[in-house]
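The lines below spell out each chain.
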Amino acid sequence: AQKVTQAQTEISVVEKEDVTLDCVYETRDTTYYLFWYKQPPSGELVFLIRRNSFDEQNEISGRYSWNFQKSTSSFNFTITASQVVDSAVYFCALSEIRGSQGNLIFGKGTKLSVKP
Amino acid sequence: NAGVTQTPKFRILKIGQSMTLQCTQDMNHNYMYWYRQDPGMGLKLIYYSVGAGITDKGEVPNGYNVSRSTTEDFPLRLELAAPSQTSVYFCASSYSGQGGNSPLHFGNGTRLTVT
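Keep in mind that this is a model prediction, so the values were computed, not measured.

Description of the sheet that holds strand 3 (residues 19-25) of chain B
All names here are of chain B.
Stage number 1. Pairing is antiparallel across the open sheet formed by 4 strands, whose spatial order is 1-3-8-7. Where the open sheet ends on each side, the last strands, each with one partner, are strand 1 (4-7) and strand 7 (64-66). Put simply, the sheet's adjacent strands are angled 20 degrees from each other on average, direction ignored.
Stage number 2. Of the pairings in the sheet, the one linking strand 7 to strand 8 (residues 76-78) comprises 3 bridges and is antiparallel in character.

So this is what it looks like as structure tokens:
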């Protein structure tokens, strides 16, 4: 069965610390997409990144970086030099590709609190 | 370009009442979705639509109905509200299907309480 596990329910760090949010997924498919979304305290969901199963290159965007490892079925998200504005709930999601229809499966989210 | 707009932002319903959550998008996306988010949980898909006139059930459709008469609008109807439907509801749209190459664009959510 397809599943996304975010084992860390809540993380609290002090500003400028680095923090890694873990995401482990299960799927039978060889072709799939992985996503990260951010939900700040205001409640909206903001798309951060998409990675397809054939692209294992790590990606860096400013203070954000993502480490995709198929061998361990993980798609971890690191924030370098965290800031208070990074405080949010972060969701990892898995999408299977079946023609034009897919099913997006979300993890339960990790709540990150960055304290000044 | 407003993106995905949901109304209302908040609503309190009594058990057995009905209501419609409105969702409209101005990005000309074919695909639209309704999710619910319960505390400490991820999002669960209620219904989705691949284009005007076409809708299908997601993971948790019971107690809800949808329609898609235009590309822009995808309202979600609760016929007989129950306390189990207390949740935050998100509407989303995408250029291609969830399994495809485009991310979802979410509305700001509707917080619904049924008492």
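There's more to say after this.
Focus: the pattern of salt bridges
In a structure, side chains of opposite charge can pair up when their charged atoms sit close to one another.
Stage number 1. Applying the stated criterion across every chain, the model contains 6 salt bridges over all chains.
Stage number 2. Note that B:Asp38 and B:Arg36 form a salt bridge whose closest N and O atoms lie 2.9 Å from each other.
Stage number 3. Across the salt bridge formed by B:Arg77 and B:Glu79, the nearest N and O atoms sit 3.1 Å from each other.
Stage number 4. A cluster of three or more residues bridged by salt bridges with shared partners is formed by A:Arg51, A:Asp55 and A:Glu59.

Each value, and the rule that gives it
- Residues numbered from 1 in each chain as written.
- Chains lettered and ligands numbered in written order.
- Predicted model: local features only at pLDDT ≥ 70, side-chain atom pairs only at ≥ 80, totals over all residues.
- Heavy atoms only, no water.
- Pairing = 2+ DSSP bridges.
- Helix = DSSP H or I, 4+ residues; strand = E, 2+ residues; numbered from the N terminus.
- Axes fitted to C-alpha atoms, helices over the stretch in contact; angles between N-to-C directions.
- Salt bridge = Lys/Arg side-chain N within 4 Å of Asp/Glu carboxyl O.

Geometric values such as these leave the question of function open.
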